[in-house]
Amino acid sequence: MKNGLVVTEDAEIICDILCESEKIVRIGKNIETASSELTVIDASGKIIIPGGVDVHTHLNLVAGTNAACDDFYTGTVAAACGGTTTIVDHPGFGPAGCSLDHQIKKYHDLAHGRAVIDYGFHGVLQHVDDNVLAMMETLAGEGITSFKLYLTYGFKLSDADVFKVLRRAKELGVIIAVHPENDGVINLLRSEFIAAGKTGTEFHPLSRPAECEAEAVNRMILFARIADDAPLYIVHLSCGLGLEFIAAARQRGQKNLWAETCPQYLLLDESLYSKPGGEGLKYIMCPPLRAPSDLTALWGGLAAGIDVVGTDHCPFFFQTQKMTGKDDFTKCPNGAPGIEERMPLMYSEGTAKGRISLRRFTDLCCTNPAKLFGIYPQKGVIAPGSDADIVIIDPDRQTVISRKNLHSNVDYSAYEGFTVRGWPLITISRGELIVRDGKFLGAPGRGKFLKRGKILMDDAGQGTKISSVE
Ligand code: URP
Ligand code: ZN
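Model, not experiment: these values are computed from the prediction.

## Remarks on the packing of aromatic side chains
Within the structure shown, the criterion is met by 16 aromatic pairs. Judged by centre distance (6.1 Å) and plane angle (80 degrees), the ring pair of Tyr107 and Phe121 falls under edge-to-face. Taken together, the residues Tyr107 in helix H2 (residues 102-111) and Phe121 in strand E9 (residues 118-121) connect sequence positions 14 residues apart. Take Tyr107 and Phe121: they sit in the same class, and that class is buried. Between Phe121 and Phe449, the ring centres sit 5.7 Å apart and the planes meet at 25 degrees, which makes this aromatic pair stacked. With Phe121 in strand E9 and Phe449 in the segment after strand E21 (439-440), the pair connects residues that are 328 residues apart, well separated along the chain. Looking at Phe449, the relative accessible area reads 26%, which means it is partly exposed. In textbook terms, an aromatic cluster arises when at least three aromatic residues are bridged by ring pairs, as seen for Phe72, Tyr107, Tyr119, Phe121 and Phe449. Here Lys371 stacks its cationic end above the ring of Tyr376, 4.9 Å away from the centre of that ring.

What follows is the structure, encoded as structure tokens:
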């Protein structure tokens, strides 16, 4: 690649990048090489960033009778077309009482031969016993160095079990990701709304108030504190109150605490639940979309406090699956698509609109998730020795988001009609050009499983200032 504005870890500089055998080998001005097999891409006037890293996807998720409508092929093609070259997927729950490696084995089978970009898996903690605690170590040795638990839904963990896995995570140097919502209050409110005939989508956010999320965020923070600052990652943060608890904990000196938000919580608000004709169902997700003041708080948090922007990509067909909730919002499967839109939206709404710098955009969407989840510097950075995962953005190009130009299997986009500046033109994964101008050129199954390393420790307690990877 020649003459693009390259975002490296410590500079934004117009220069060339030379890649060989899947790796970046040199970055510099006017690189000359004698190789006759060289493909030269002129990137003049373009921005070159590391391939995006999305550490919150739900491909092949099965929730009750509903299966998410992207598998590891369609979901990763969509990711690649949006400039993402690595995912770390959150497997759905397995059968009650299954061993911790049950879902990992299943997901290896689902991804192998299908994924088109590199991938890893988080473990899912759905009960806790001695076998599970022992298996955390075994799986960490196999590259599963993060584990998710839920404080709501069918397989929520008790306080004691949460504490046990936090303590174990600190011991092993792995990270606990949490879906934080107060299950008791939410279930009571949901059943009261339904009993009172309040079945419309506008009751979804009212049944899951921001306080329920923030309380659970704070509970997790305090448990992690008792577990000697166990590594804790808050997923899909949606509210300002939760952010305040995170900021306060860091202020008190708590270490190894990180947070993720998603584009939907930055760009869409709860007024969408009042859309007529069942349209509000498109946005049924947990936690729900929030008030405009929460969006403002989260944008503020992107400057400091929030470390990662993921997607929580969990797509269900609108016409069939989501519409099952048209007479009762609690029947609608939770989740929304967004794997392809994340990078373009964050560049456009964040960097092009001057809300976050190009550097910060790259940190939030590429570098920090790679660091936190044990794949840096192989992923998430443009540097000699790193995988040649590279995205070229045309900052002048405007695109109107439309379902018909996207690559997920799903039949809608939550961002339909959004005008975006800077859609990725080219996506390169391990040196192979796999997307050009919205066309996917790679082969199914080219993606490789990433055996992730142990989790860094945030010794400074600064959130994103991550010093080292073991
Ligand atoms: O509503 C959502 N977010 N569904 C996906 C599963 C989860 O909670 O992360
Ligand atoms: Zn969740």
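## Remarks on the site of ligand 1
Around ligand 1, the neighbouring residues are His56, His58, Lys148, Tyr153, His179, His236, Met285, Cys286, Asp312, Cys314, Asn334 and Gly335. A distance of 2.7 Å separates an oxygen atom of ligand 1 from a polar backbone atom of Cys286. Here Asn334 contributes a backbone N or O atom positioned 3.2 Å from a nitrogen atom of ligand 1. Alone, ligand 1 offers 260 Å² of accessible surface; in the complex the protein occludes 96% of this. Across the shell around ligand 1, the residue classes tally to 4 nonpolar, 6 polar and 2 charged.

## A look at the coordination of the zinc ion (ligand 2)
At this site the zinc ion (ligand 2) is bound by His179 (ND1) and His236 (NE2), with donor distances of 2.1 to 2.2 Å. Considering all 4 donor atoms around the zinc ion (ligand 2), the spread of angles at the metal, 59 to 143 degrees, places the coordination shape in the irregular class. In this pair, His179 sits in strand E12 (residues 175-179) while His236 sits in the loop between strand E13 (232-234) and helix H8 (240-251), placing the two residues 57 residues apart along the sequence. Taking the relative accessible area as the measure of exposure, His236 reaches 2% and is therefore buried.

## So, H2
Listed as buried for H2 are Gln103, Ile104, Tyr107 and Ala111. When H2 is viewed along its axis, its buried side chains cluster within an angular range of 100 degrees and face the same direction. Facing away from the buried side of H2 by more than 90 degrees, the exposed set consists of Lys105 and Asp109. Each element contacted by the buried residues of H2 is listed here: strand E8 (84-89), E9, strand E10 (123-124) and helix H3 (130-141).

## Focus: the pairing of E9
On any regular strand, side chains alternate: one points to one face of the sheet, the next to the other face. Alternating residues of E9 divide into Asp118 and Gly120 and Tyr119 and Phe121, and every residue in both groups is buried. Taken together, the 4 bridges between E8 and E9 define a ladder with parallel strand orientation. Counterpart to Val88 in the pairing with E9 is Gly120. Handedness of the crossover joining E8 and E9 through H2 is recorded here as right-handed.

## Concerning the nonpolar core
Ranked by internal contacts, the top residues of the largest apolar core, which has 105 residues, are Leu125, Met136, Leu149, Leu166 and Phe361. Every residue in contact with Leu149, bar those within four places of it in the chain, is listed here: Leu125, Leu157, Val162, Val165, Ile176, Ala177, Val178, His179 and Met220.

## Things to note about the sheet that holds strand E14 (residues 257-261)
With respect to topology, 6 strands assemble into an open sheet ordered E10-E11-E12-E13-E14-E15, the strand pairing being parallel. Two strands bound the open sheet, and with one partner strand each, they are E10 and strand E15 (308-309). As judged from the 2 bridges shared by E14 and E15, these two strands associate in the parallel manner. By the bridge assignment for E15, Glu260 is matched with Val308.

## So, the state of the cysteines
As enumerated under the stated definition, the model contains 0 disulfides in all. Free cysteine Cys69: the closest other cysteine sulfur is in Cys314, separated by 9.1 Å. Looking at Cys69, the relative accessible area reads 8%, which means it is buried. Cys98 takes part in no disulfide bond, and the closest cysteine sulfur, belonging to Cys314, lies 18 Å away. Classification of Cys98 as buried rests on a relative accessible area of 11%.

Reading the values: the criteria
Residues numbered from 1 in each chain as written. Chains lettered and ligands numbered in written order. Predicted model: local features only at pLDDT ≥ 70, side-chain atom pairs only at ≥ 80, totals over all residues. Heavy atoms only, no water. Phe/Tyr/Trp six-rings, centres within 6.5 Å; stacked < 30°, edge-to-face > 60°. Helix = DSSP H or I, 4+ residues; strand = E, 2+ residues; numbered from the N terminus. Buried < 20%, exposed > 50% of the residue type's maximum accessible area, 1.4 Å probe, protein only. Lys NZ or Arg CZ within 6 Å of the ring centre and 35° of its normal. Near = heavy atom within 4 Å. Polar contact = N/O pair within 3.5 Å; in protein donor to acceptor, adjacent residues only side chain to side chain. Areas by Shrake-Rupley, 256 points an atom, 1.4 Å probe, with all protein chains shown as cover. Nonpolar A, V, L, I, M, F, W, Y, C, P; charged D, E, K, R; others polar. Donors = N, O, S within 2.8 Å, 3.2 Å for Na, K, Ca; no water. Tetrahedral: all angles 85-135°; square planar, octahedral: opposite > 155°, others 65-115°. Arc of directions from axis to C-beta. Contact = heavy atoms within 4.5 Å. Pairing = 2+ DSSP bridges. Right-handed = clockwise from strand over helix to strand, strands pointing away. Core = buried A, V, L, I, M, F, W, Y, C linked by side-chain atoms within 4.5 Å. Disulfide = S-S within 2.5 Å.

Purely spatial values, then, with no claim about function.
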